[in-house]
Amino acid sequence: MNKNIALAIHAGFCYGVKRAVETTKRLKAQNPEKEIYVLGELIHNSQVINELKELGIKTVDTLPENNDKGAICVIRSHGASFEVFEDIKKKGYELVDLTCPDVKKVQDRAIELSKEDYFVIILGKEEHPEVVAITAYARKYAKDKTRVFVAKSTDALKEIEPTLKKEPKIGIVIQTTQRIEYLKEVLEYLAPISKELRVINTICASTSLRQNEARRLAKESDLMVVVGSKKSANTTHLAEILAPLTKTIHIECDTELENYKDVIQNAQNIGVTAGASTPDYIINKVVGRLKGE
Ligand code: SF4
């Protein structure tokens, strides 16, 4: 019997990533003579990074000091701290800011909480570039920088419980690609021990849509295939959400399906979803291979 293969509607590039990739490519096409640098990986996908490299777009961790030919520096959708912006300008680069508007919103809300003297909690991974920038903005405007705290788990908050109990006002923002379950868990813990608690759900609409649709698809599927980089936060979260609901595998590209031959053979209804940094052609290859094309 033929297998049913269903691809989620909200899978692959979100508007923030699409805008970043398309604008960067267009910049190079319009300025072939200029060097284009992207500070950090534009998106967490090695195929796309290689594609950019082939077009002559350079991904760097640190900008070269000598910019004498009017080079351009791109800020990726994750955003960057105030200090990074200053450094780019100081080095004389033309700056193209592709911070996703939804990430900008989180930065603005974190700044607002700091200015209003809340103890700011940022839910997310400390080392993730989006969180690094949000933290930098919140700290810049906080009277006391130690009152901005990044928590990757509820346990991390439990470790500072005496501090939290003393705080008159606690404000929360969350990394755009986190799971709503994480926010709920934190609220359950914080509500009884906080004097005043302000919660701003900053998970972006694109992430919510993608996660909700993946959950729905998982209920109808005996196997879910999540496609995207293992370095991508939102892709990893999709796999984490789906694993308790149905059999789930997380692959980066179609060739990895070879490793799951038995699991695929035993499944009748297979759902496919993909992270925000996974290009369509990679998703289509996976779907094609599952269909035996
Ligand atoms: S996942 Fe959300 S916040 Fe991140 S780039 Fe896409 S739309 Fe923007």
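Structure: above.
How each quantity is defined
- Residues numbered from 1 in each chain as written.
- Predicted model: local features only at pLDDT ≥ 70, side-chain atom pairs only at ≥ 80, totals over all residues.
- Buried ≥ 20, exposed ≤ 12 C-beta atoms within 10 Å, placed from the backbone.
- Helix = DSSP H or I, 4+ residues; strand = E, 2+ residues; numbered from the N terminus.
- Pairing = 2+ DSSP bridges.
- Right-handed = clockwise from strand over helix to strand, strands pointing away.
- Expected span 1.5 Å × (residues − 1).
- Arc of directions from axis to C-beta.
- Contact = placed C-beta atoms within 7 Å.
- Axes fitted to C-alpha atoms, helices over the stretch in contact; angles between N-to-C directions.
- Near = placed C-beta within 6 Å.
- Nonpolar A, V, L, I, M, F, W, Y, C, P; charged D, E, K, R; others polar.

Student: Teacher, can you tell me more about the pairing of strand S6 (residues 119–123) here?
Tutor: Looking down a regular strand, the side chains alternate between one sheet face and the other. Counting buried residues in S6 gives five out of five residues, a clear majority hidden from the surface. Two strands pair when backbone bridges link them, and S6 and strand S8 (residues 170–174) are joined in this way by five bridges, in the parallel orientation. When the bridges of S8 are listed, Val120 appears paired with Gly171. Pairing between S6 and strand S7 (residues 148–151): four bridges, direction parallel. Pairing of Leu123 across the sheet is with Ala151, part of S7. Handedness of the crossover is the feature at issue here: the chain leaves S6, passes through helix H5 (residues 129–141), returns alongside S7, and the resulting connection is right-handed.

Student: How should helix H9 (residues 205–219) be read in this particular structure?
Tutor: Structural remark: α-helix, 3.6 residues per turn; residues separated by three or four positions point the same way. For H9, which comprises 15 residues, the first-to-last C-alpha distance of 22 Å matches the rise-based estimate of 21 Å (1.5 Å per residue) to within 8%. Listed in full, the buried residues belonging to H9 are Ser206, Thr207, Arg210, Gln211, Ala214, Leu217 and Ala218. Viewed end-on, H9 has its buried residues packed into an arc of 130°, placing them on one side of the element. Turned more than 90 degrees away from the buried face of H9, the exposed residues are Ala205 and Lys219. Where the residues of H9 are buried, they touch strand S1 (4–7), helix H1 (15–30), strand S10 (223–227), helix H10 (233–242) and strand S12 (269–274).

Student: Even after reading the chapter, I still don't get the sheet that holds strand S5 (residues 94–97), so can you show me in this structure?
Tutor: Neighbouring strands of a sheet are bound in pairs by backbone hydrogen bonds; such pairs are parallel or else antiparallel. In spatial order, the strands read S3-S2-S4-S5; together these four strands make up an open sheet with parallel pairing. The sheet terminates laterally at strand S3 (57–60) and S5, the two strands that pair on one side only. Sheet twist, expressed as the mean angle between neighbouring strand axes with direction ignored, is 25°. In terms of strand pairing, strand S4 (residues 72–75) meets S5 through four bridges, oriented parallel. Looking at S5, one finds that Ile75 is bridged to Asp97.

Student: Explanation requested: the site of the ligand in the structure shown.
Tutor: The environment of the ligand is formed by 15 residues, the closest being Cys14, Gly16, Cys100, Thr176 and Cys204. Among the elements of the structure, H1, helix H4 (101–115) and H9 are those that each provide at least two residues to the shell around the ligand. Take the shell around the ligand: its biggest share by element is three residues, from H1. Looking at the shell around the ligand, its residues break down into seven nonpolar, seven polar and one charged.

Student: What exactly am I supposed to notice about the environment of Ala214 here?
Tutor: Its location among the elements puts Ala214 in helix H9. Given 26 C-beta atoms within 10 Å, Ala214 falls into the buried group. Along the chain, Ala214 and Gly40 lie 174 residues apart, while their C-alpha atoms are 29 Å from each other. Leave out the neighbours within four places in its chain, and Ala214 touches Ala8, Leu238, Ile241, Leu242 and Thr273.

Student: Help me understand the environment of Pro279 in this model?
Tutor: Its location among the elements puts Pro279 in the loop between S12 and helix H12 (280–290). Overall, Pro279 belongs to the buried group, with 21 C-beta atoms counted inside 10 Å. It is 8.7 Å that separates the C-alpha atoms of Pro279 and Gln47, two residues lying 232 residues apart in sequence. Residues in contact with Pro279, not counting those within four places in the same chain, are Gly12, Phe13, Asn45, Gln47 and Val48.

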